[in-house]
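# Topology and contacts: notes
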Amino acid sequence: MIVSHELQARDLCRGSAHHYLGYLTNHNEPITIRIDHCEARRVLGGFLNTSTHNLTSGFAHFVAIGILGSFATVVVAQTPQNDRPVPILTGNAGYFTTVDAARYELVPEVNPVLLLPLGDKWLVESRGRFYGEFERPANNQPYGGKIEKDLNYLQADYIADPHLTVTVGRFLTPFGIYNERLYPIWIRDLHQVPLIFPLESGSSDGIMLRGGFPLASWANLNYATYYSTLTTNETLDSDRAVGARAGMFFGRPRIEVGSSWKKLLMEDRNNSFGFHFAWQPPPIPLNLRAEYARSNYGSGYWIEGAYRFSQIPRWNKAMRRTEFVGRMQQFFAGEDQESEGDQYTLPHGATQQPDFGMNYYLKDGLKASASYGRWLGKHNWNVWTFGVAWRFAVPLGRVTD
Amino acid sequence: MRTRTAILLSLLTLTTVVGAASSLPKGNDLGAPTVRSQEGAEALRIEGERRFQANCGRCHAAPHKFPPRMMATIVRHMRVRATITEQDMRLVLYYMSR
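Residues numbered from 1 in each chain as written. Chains lettered and ligands numbered in written order. Predicted model: local features only at pLDDT ≥ 70, side-chain atom pairs only at ≥ 80, totals over all residues.

## A few points about helix H3 (residues 68–81) of chain B
Residue and element names in this part refer to chain B.
- Between the first and last C-alpha of H3 there are 19 Å, a value that for 14 residues agrees with the 20 Å anticipated at 1.5 Å per step.
- Within H3, 11 of the 14 residues are buried, which leaves it mostly tucked inside the rest of the structure.
- Among the residues making up H3, those that are buried are Pro 68, Arg 69, Met 70, Met 71, Ala 72, Thr 73, Ile 74, Val 75, Arg 76, Arg 79 and Val 80.
- Of the residues one or two after H3, Thr 83 is the one with positive phi, at around 45°. (Helix = DSSP H or I, 4+ residues; strand = E, 2+ residues; numbered from the N terminus. Expected span 1.5 Å × (residues − 1). Buried ≥ 20, exposed ≤ 12 C-beta atoms within 10 Å, placed from the backbone.)

Given below as structure tokens:
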């Protein structure tokens, strides 16, 4: 606890007290902070300038605790009651047409996400996927196919500590950044998932510990570690495995780097490794992301850049809604790819695929997409994709008192 | 001696802070009754936007602002999903719900 107070007092002294005022309250409800650092300085007067630069003495600790504690009291007293979380049904829906090697496929899908907050520290969340893959047979018959369904996650999260959340249930495997963060169709910049996605995708059934905390004012650390048990149920399918991911985010240059590891604890005890990188150069509306993954089934990488035309003054109203995306990726088959790679829907043999696409954000949560890619493997073909994606959110309770 | 001074200073500060707080208007919104409070609120909003861009903006554009109760749920969800630090979460929530 003293360490926390040291941190807060130090940052208070640096003029960012508002970062940490809520921190002391040990209260996970959102808080209203009315006292900015200027006011803090006014209230604390010369004390900040003389004492908190070196909080090594017990005296300074004591005073800091008293002051910050009293701030916290004020803050809690002003906590708005109408910020209590409410259950939400959110998610996304989309309709995409893919032309893959001159083969048309219509893919409608709905991915509902249920968020159920319980008290101050719990969240139960679940995401399902309902989708169809309708193809036109070669003899020009009507499109046909069936509706599939998946349960991506059904998990209970317990926020045990500001730096630790414990998750139990079925969760997205924390490997790389695509599976957990970029997969929803309203978020991903290109509708086609990367070639190496099967190496990192999937869900795990078990327990996960994760969290994030500031290492310094310029860097945050985030981590996730998990144990997954073997489940052969079709809906809850998962491997017995352990794994971990750690990442560092550097705030000023807005760079994130991280690595992932997964070890199967089955007859096959392979290790998988991955690295990820993301960069948003601050003055440019550009989003650069990359991942590398390696396992016995294969290895590969993708690197993607997405640029919003918001800085172009001409037709700015339309330009700022428009995004150009480019991606390059390669996959190299591993030693086990021939025997077991099919179950992971990996390419057969070395493959590379450049993609280009455009997104137009019609309104909040609604975008239209088009992309072209060229599959370059044992055989070569074009991949076209067109479609729309929509994100929705509906409260399942009263949002006002 | 130092302990007594510390207690005295803490009590003095506590009194000052409580007095300052009691001079603020009642209510739970950002009514921003004084220029100083408005500045503070604006500073928080700007910092919240910066944290939003640093955390959430790495993956998606800013959605429109939902009612505070919805945002509280969404931000709790994203805190877990994107391993956002607690400080960042609070500032993002402040920014997205005001």
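## Looking at the confidence of the model for chain A
- Per-residue confidence for chain A gives a mean pLDDT of 81; residues scoring 70 or more make up 77%.
- For residues 1–79 of chain A, every residue scores under 50 in pLDDT, and the model assigns this stretch 126 contacts once sequence neighbours within four places are set aside. (pLDDT = per-residue confidence, 0-100. Contact = placed C-beta atoms within 7 Å.)

## Some words on the packing of H3(B) against helix H4 (residues 86–96) of chain B
All names here are of chain B.
- The N-to-C vectors of H3 and H4 enclose an angle of 150°; their axes lie 10 Å apart at closest approach. What the angle tells us is that H3 and H4 run roughly antiparallel. Here H3 and H4 pass one another in a crossing that is right-handed. For the pair formed by H3 and H4, the contact residues are Met 71, Ala 72, Val 75 and Arg 79 on the first element and Met 89, Val 92, Leu 93 and Met 96 on the second.
- Of the residues contributing to the contact of H3 with H4, the split by class is seven nonpolar, no polar and one charged. (Axes fitted to C-alpha atoms, helices over the stretch in contact; angles between N-to-C directions. Parallel < 35°, antiparallel > 145°, perpendicular 65-115°, else oblique. Left-handed = near helix turned anticlockwise from the far one by under 90°. Nonpolar A, V, L, I, M, F, W, Y, C, P; charged D, E, K, R; others polar.)

## Brief notes about unusual backbone geometry
- The phi dihedral of Arg254(A) is positive, around 55°, even though this residue is not glycine.
- Tracing the backbone shows Arg254(A) in the loop between strand E9 (241–250) and strand E10 (255–264).
- In this model, Thr83(B) sits at a positive phi of 45°, which is unusual for a non-glycine residue.
- For Thr83(B), the location among the structural elements is in the loop between H3 and H4.
- Under the C-beta neighbour-count criterion, Thr83(B) is labelled buried, with 26 such atoms within 10 Å.

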